[in-house]
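# Descriptive structure summary
For reference, the chains in residue letters:
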Amino acid sequence: MQKEAQPLIERLRLVKDVNSPFPKEVTWILFKGTYKDLKINIVCPGKDSALGVDSVCTVPASLVTYASIQTLQPDLIINAGTAGGFKAKGASICDVYIVSSSAFHDRRIPVPVLDLYGVGMKKAFPTPNLVKELNLKVGRLSTGDSMDMSPHDKESITANDATVKDMEGAAVAYVADIFKVPTILIKGVTDIVDGNRPTSEEFLENLAAVTAKLDESITKVIDFISGKCLSDL
């Protein structure tokens, strides 16, 4: 969602690319610029052309990631956004996590080997120095295309040992892994999935505060990355 990215876009003084390299049929928006020694591109999926709402979930995330890799050829991808957290795993509102691994929880295929493909577990690009220097929380991410959590989803999320739950991260990791592009997933907790409040209500209530927290955390991550090789992270 562009609302999640906007504070960082403004902080880094990125500008909208009016000559987008993406197909004219898509609503994706590219913001670009230079910060310290880094060339930075932020790509937002934009609005659904039919309904005018943010293009969320795994399909837009996969398409944008694929096209961005082909067009922009990044050295590193950072997928940052909001997520639900599990209090049973120690998550609280406004916590920011760097993801250690990602998996899907709604691709249930009860056939040998295809079951593993459905889960799609991917280990994140290791960043031990980044985690230590910035004192970041670390947790596993589970991704699905629904904001709520069905009993089947809950079972799969538990099996994935997830601390946070979102609707894009594992899809980004899947595409990035195909092209061997190092990827860091960073998630800010807007709602407590195993709490006693409706997820959508809590998400909307905390979105602004968590977006600000993400902006602060990602800026620190970018500052740490500046001047370093990937192997130094």
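Let me begin by describing the structure that accompanies this report. Note that the structure is a prediction, hence the values are computed from the model and not measured.

Cut-off values and rules
Residues numbered from 1 in each chain as written. Predicted model: local features only at pLDDT ≥ 70, side-chain atom pairs only at ≥ 80, totals over all residues. Heavy atoms only, no water. Helix = DSSP H or I, 4+ residues; strand = E, 2+ residues; numbered from the N terminus. Rg over C-alpha atoms; globule rule 2.2 N^0.38 Å. Buried < 20%, exposed > 50% of the residue type's maximum accessible area, 1.4 Å probe, protein only. Contact = heavy atoms within 4.5 Å. Areas by Shrake-Rupley, 256 points an atom, 1.4 Å probe, with all protein chains shown as cover. Core = buried A, V, L, I, M, F, W, Y, C linked by side-chain atoms within 4.5 Å. Salt bridge = Lys/Arg side-chain N within 4 Å of Asp/Glu carboxyl O. Phe/Tyr/Trp six-rings, centres within 6.5 Å; stacked < 30°, edge-to-face > 60°. Lys NZ or Arg CZ within 6 Å of the ring centre and 35° of its normal. Lys, Arg positive; Asp, Glu negative; His and termini not counted. Pairing = 2+ DSSP bridges. Axes fitted to C-alpha atoms, helices over the stretch in contact; angles between N-to-C directions.

Our focus in this paragraph is the overall build of the chain. For the chain, the helix and strand inventory stands at seven helices and nine strands. On C-alpha atoms alone, the chain measures out to a radius of gyration of 17 Å, which is about the 17 Å that the 2.2 N^0.38 rule sets for 233 residues. Referenced to the eigenvectors of the C-alpha coordinate spread, the extents of the chain come out at roughly 45 × 40 × 40 Å. Here the chain holds 233 residues, and 46% of them are scored as buried. Within the chain, contacts between residues at least 6 apart in sequence are counted, and of these 70% link residues at least 24 apart. Accessible area for the chain stands at about 12,200 Å²; split by element, carbon and sulfur atoms hold 55% of it.

Now for the environment of Ala 91. Turning to its location among the elements, Ala 91 is positioned in the loop between β4 (77–85) and β5 (96–104). Taking the relative accessible area as the measure of exposure, Ala 91 reaches 5% and is therefore buried. When residues no more than four places from it in sequence are discounted, the contact partners of Ala 91 are Gly 85, Phe 86, Tyr 97, Thr 163, Val 189 and Ile 192.

Taken as a class, soluble globular proteins show a tendency for nonpolar side chains to be buried jointly. Ranked by internal contacts, the top residues of the largest apolar core, which has 26 residues, are Ile 40, Ile 42 and Ile 222. Mapped onto this core, the elements with two or more residues apiece are α1 (2–11), β2 (29–35), β3 (38–44), β5, β9 (183–192) and α7 (199–225). Of the residues forming this core, the biggest block, six residues, is contributed by α7.

Under the criterion given, the structure shown has 15 salt bridges. As a salt-bridge pair, Asp 215 and Arg 11 come within 3.0 Å of each other at their nearest N and O atoms. Here Asp 215 is found in helix α7, whereas its partner Arg 11 is found in helix α1, with 204 residues between them in sequence. Since its relative accessible area comes to 44%, Arg 11 is described here as partly exposed. One salt bridge in this structure joins Lys 36 and Asp 223, with 3.0 Å as the shortest N-O distance. A residue pair is termed long-range when its members are at least 10 positions apart, and Lys 36 in the loop between β2 and β3 and Asp 223 in helix α7 qualify at 187 residues.

Once that is clear, we can look at the packing of aromatic side chains. Scanning the model with the defined rule gives two aromatic pairs in all. Consider the rings of Phe 22 and Trp 28, whose centres lie 5.4 Å apart with planes at 80 degrees: the pair is edge-to-face. Both residues of the pair, Phe 22 and Trp 28, count as buried. Centre to centre, the rings of Tyr 66 and Phe 179 are 5.8 Å apart; their planes meet at 50 degrees, and the pair counts as tilted. Of the two residues, Tyr 66 sits in helix α2 (residues 58–72) while Phe 179 sits in the loop between α6 (169–178) and β9, which places them 113 residues apart along the sequence. For Arg 107, the ring lying beneath its charged end belongs to Phe 104, and the centroid distance is 3.9 Å. For Lys 228, the ring lying beneath its charged end belongs to Phe 224, and the centroid distance is 4.1 Å.

The backbone phi angle of Lys 36 is positive, close to 55 degrees, even though this residue is not glycine. With a relative accessible area of 54%, Lys 36 lands in the exposed category.

Quick look at the side chain of Glu 202 now. With respect to the element layout, Glu 202 can be found in helix α7. Of the side chains with opposite charge, Arg 197 lies nearest to the buried Glu 202, which makes no salt bridge, at 4.4 Å. Apart from the residues lying within four places of it in its own chain, the contact partners of Glu 202 are Ile 93, Thr 190, Asp 191, Ile 192 and Arg 197.

Attention now moves to the pairing of β4. For β4, the tally of buried residues reaches seven of nine residues, placing the bulk of the element in the interior. Two elements, β4 and β9, share nine bridges in a ladder whose sense is parallel. Across the sheet, residue Gly 81 finds its bridge partner in β9, namely Lys 187. The sheet contact formed by β4 and strand β8 (residues 164–166) spans two bridges and is antiparallel. In the strand pairing of β8, Gly 85 is matched with Val 164.

It is worth spelling out the sheet that holds β2 at this point. Pairing between the strands of a sheet is mediated by backbone hydrogen bonds and can be parallel or antiparallel. On the basis of which strands lie adjacent, the open sheet formed by three strands has the order β1-β2-β3 and antiparallel pairing. Among the strands making up the open sheet, the edge pair consists of β1 (15–16) and β3. Note: β2 against β3, seven bridges, orientation antiparallel. When the bridges of β3 are listed, Thr 34 appears paired with Lys 39. Running at roughly 155 degrees to β3, α1 makes contact with β2 and β3 of the sheet.

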